[in-house]
Amino acid sequence: MSNKAGQPGGSPAAPALSEEHATERVRLEREYRGWSTGELAKRMTAAGYPMNQSSVWRIENGEPRRRINLDEAIGFAKVFGLPLEEFLGPPESSSNKHIAQLTSEVVARYRFLLDLMMSTSEAFKAVDQYCAMFPQHAEELNDRIARAIAEENRRRGPLRESPMVFLRYPTFKQADQPSDTTPQA
């Protein structure tokens, strides 16, 4: 009979918390934040855990990898804003946490976008109603709105991405495609 690690005799599998997890976590957390090895070393030193760039690189890439002592593990956890137990845990837990955070952020902003789209739609309905009641002012009103929007775009600069960037996801792409039951004009 063998255990998960394939060792005979049912000896215990690697513990859930390990130094190996910590070395991988250093790289994952550093890359997630967009920090260089030098930036992480500076942050460790500033937090009271002196470290140089070479040490960070050897922890992440050395053959064999440089070991992390307990004080350094505490320092890394502090610099990354993680509880020590989470820092020492399997790297997959970090990925899941980051995925959940990013998903939550995108969904919150998407909800905000939907609210803005609804209120903008209501504003344009009010413009349409005004133009229906006072057709003699329709051209002037529409020109003013167009100039004001153009000025806002000029002040803010060009958009780097379309506001419809969320259309890259399959659910939105499917909703954007016309169906076979749509009447053709």
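Residues numbered from 1 in each chain as written. Predicted model: local features only at pLDDT ≥ 70, side-chain atom pairs only at ≥ 80, totals over all residues. Heavy atoms only, no water.

A few points about the overall build of the chain
A tally of regular secondary structure across the chain gives 8 helices and 0 strands. Ordered by position from N to C terminus, the α and β elements of the chain give α-α-α-α-α-α-α-α. Within the chain, the fraction of its 185 residues that count as buried is 22%. Sequence-distant contacts in the chain: of pairs separated by 6 or more residues, those separated by 24 or more amount to 53%. (Helix = DSSP H or I, 4+ residues; strand = E, 2+ residues; numbered from the N terminus. Buried < 20%, exposed > 50% of the residue type's maximum accessible area, 1.4 Å probe, protein only. Contact = heavy atoms within 4.5 Å.)

Some remarks on a nonpolar patch on the surface
Together, L70, I74 and L84 line one region of the surface with nonpolar side chains, adding up to about 240 Å² of accessible area. Taking the relative accessible area as the measure of exposure, I74 reaches 35% and is therefore partly exposed. (Patch = residues over 30% accessible without salt bridge, like charges linked within 9 Å, V, L, I, M, F, W, Y side chains within 5 Å. Areas by Shrake-Rupley, 256 points an atom, 1.4 Å probe, with all protein chains shown as cover. Salt bridge = Lys/Arg side-chain N within 4 Å of Asp/Glu carboxyl O.)

Some details on the side chain of E72
Mapped onto the elements of the fold, E72 is located in helix α4 (residues 70-80). The residues touching E72, leaving out its near neighbours within four places in the chain, are M44, M51, R66 and R67.

Considering the nonpolar core
Soluble globular proteins: nonpolar side chains tend toward being buried together. Counting residues in each nonpolar core, the largest one holds 17 residues, and the members touching the most others are V26, L40, I68, F76, F80 and F87. If you list the elements that add at least two residues to this core, you get α1 (19-33), α2 (37-46), α3 (53-61) and α4. Considering each element in turn, this core owes the most residues, 5 residues, to α4. (Core = buried A, V, L, I, M, F, W, Y, C linked by side-chain atoms within 4.5 Å.)

Regarding unusual backbone geometry
Put simply, E63 and P64 share a cis peptide bond, and its omega is -5 degrees. With respect to the helices and strands, P64 occurs in the loop between α3 and α4.

A short note on the packing of aromatic side chains
Considering all chains together, one arrives at 5 aromatic pairs under this definition. The interplanar angle of 20 degrees and the centroid separation of 6.0 Å between the aromatic rings of W35 and F80 together place this pair among those described as stacked. Residue W35 is found in the loop between α1 and α2, and its partner F80 is found in helix α4; the two are separated by 45 residues along the sequence. The class for F80 is buried, based on a relative accessible area of 4%. A centroid spacing of 4.9 Å and a plane angle of 40 degrees characterise the contact between Y130 and F134, whose relative ring orientation is tilted. Above the ring of W35, the side-chain terminus of R33 is found at 5.7 Å from the ring centroid. (Phe/Tyr/Trp six-rings, centres within 6.5 Å; stacked < 30°, edge-to-face > 60°. Lys NZ or Arg CZ within 6 Å of the ring centre and 35° of its normal.)

A word on α3
Side chains of residues three or four places apart in an α-helix project in the same direction, reflecting 3.6 residues per turn. Of all the residues in α3, the buried ones are S55, V56, I59 and E60. Buried residues of α3, seen end-on, are gathered within an arc of 130 degrees and therefore sit on one face of the element. If you follow the buried residues of α3, they end up packed against α1, α2 and α4. Its side-chain oxygen at 3.2 Å from the backbone nitrogen of S54, N52 defines the N-terminal cap of α3. (Arc of directions from axis to C-beta. Polar contact = N/O pair within 3.5 Å; in protein donor to acceptor, adjacent residues only side chain to side chain.)

A short note on the side chain of T37
Along the polypeptide, T37 turns up in helix α2. Reaching out from T37, the side chain makes a polar contact with the side chain of Q53 at a distance of 3.0 Å. Excluding residues that lie within four positions of it along the chain, T37 makes contacts with R30, Q53, V56, W57 and E60.

Quick look at the pattern of salt bridges
Applying the stated rule across the entire model yields 14 salt bridges. With a closest N to O distance of 3.5 Å, E24 and R65 form a salt bridge. Residue E24 is located in helix α1, and its partner R65 is located in the loop between α3 and α4; the two are separated by 41 residues in the primary sequence. The network of salt bridges with common partners includes E24, R27, R30, E31, E60 and R65.

A short note on the environment of T45
Take T45: it is sitting in helix α2. Separated by 30 residues in sequence, T45 and G75 place their C-alpha atoms 9.0 Å apart.

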